[in-house]
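Listed below, chain by chain, are the residues.
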Amino acid sequence: MKDPIYKTNAARHLDALHIPYVLVAYHANEADLSAVHVAQSVGENIEQVYKTLVLKGDKSGFFVCVIPGADELDLKAAARASGNKSCAMLPVKELMPVTGYIRGGCSPLAMKKRFPTYIQEDCLRWDFIYISAGKRGLQIKICPRDLLQATGASAVALTQPRRKGDPENI
């Protein structure tokens, strides 16, 4: 018998806003919390599985970036987007106290406090993307425009440009 899927705070946040979404369960692998593993587990293109990164800027304090799972965050672009001169990733040990989430289960929705949020602008080319539902083993499938609305996020360029030879450009 399949385990029931329990709603998380992130899902309840979307419910309160009357935003449609689908909860998608997968087997979480504690040894591999990567977005690549998530994409393989849910049978989706890695370009549509997004990861949530929490950073601290030198001026603004904490902020959130949501980028495609296989991409790397451009820290200079993140600093510019957030109005900072510089920024750095939040150390993993500070993730739970700041956001209420653990590594591998950090959602851009329903954090302890609402932080400025920035989503890679390429998300708008998809009908839907996946983000963490707020716990390991559970994703939210959502329209990117709905995610922008739910988080109050801005769609901006956050990732390093792809080079020739990268999978998407072959």
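Figured I'd write up the structure that's included with this text. Note that the structure is a prediction, hence the values are computed from the model and not measured.

Looking now at helix α3 (residues 75-82). Within the sequence span of α3, burial applies to Ala77, Ala78, Ala79 and Ser82. In the stretch just after α3, Gly83 is the one whose phi turns positive, near 75°.

In this structure, His18 takes a positive phi of about 60° despite not being glycine. Structurally, His18 can be placed in the loop between α1 (9-16) and β1 (22-25). A relative accessible area of 72% means that His18 is categorised as exposed.

Time to look at the pairing of strand β6 (residues 129-135). Among the seven residues of β6, six are classified as buried, and the element is accordingly described as predominantly covered. Relative to strand β7 (residues 138-142), β6 runs antiparallel, the two sharing five bridges. Bridge assignment links Ile129 to a residue of β7, and that residue is Ile142. Taking the residues that link successive antiparallel strands as the turn, the β6-β7 hairpin has two residues, and the phi of Gly137 there is positive, at about 90°.

Right, let's talk about the packing of aromatic side chains for a bit. In the structure shown here, the tally under the stated rule is three aromatic pairs. Their ring planes at 80° and their centres at 5.9 Å tell us that Phe128 and Tyr130 sit as a pair that is edge-to-face. With a relative accessible area of 22%, Phe128 lands in the partly exposed category. Cation over ring: Lys141 sits above Phe128, and NZ or CZ is 4.1 Å from the ring centre.

Scoring rules and cut-offs
- Within each chain, residues carry numbers counting from 1 in the order of the written sequence.
- Given that this is a predicted model, residues contribute local features only at a pLDDT of at least 70 and side-chain atom pairs are listed and counted only at 80 or more, while totals for whole chains, interfaces and linings are drawn from all residues.
- In computing side-chain properties, one takes all heavy atoms of the structure into account and sets aside hydrogens as well as water.
- Each residue gets one of three labels from its accessible area relative to the maximum for its type: buried under 20%, exposed over 50%, partly exposed in between, using a 1.4 Å probe on protein chains only.
- Helix numbers and strand numbers start at the N terminus; a helix is a DSSP run of H or I with at least 4 residues, a strand a run of E with at least 2.
- Strands are labelled as partners when DSSP assigns at least two bridges between them.
- Put simply, two rings from Phe, Tyr or Trp (the six-membered ring, in Trp's case) pair if the centres are within 6.5 Å, and we call them stacked under 30 degrees between planes, edge-to-face over 60, tilted for the rest.
- Here, over-ring charges are defined by two tests on the NZ atom of lysine or the CZ atom of arginine: distance to the ring centre within 6 Å, and angle to the ring normal within 35 degrees.

Take it as geometry only, folks, not as evidence of what the structure does.
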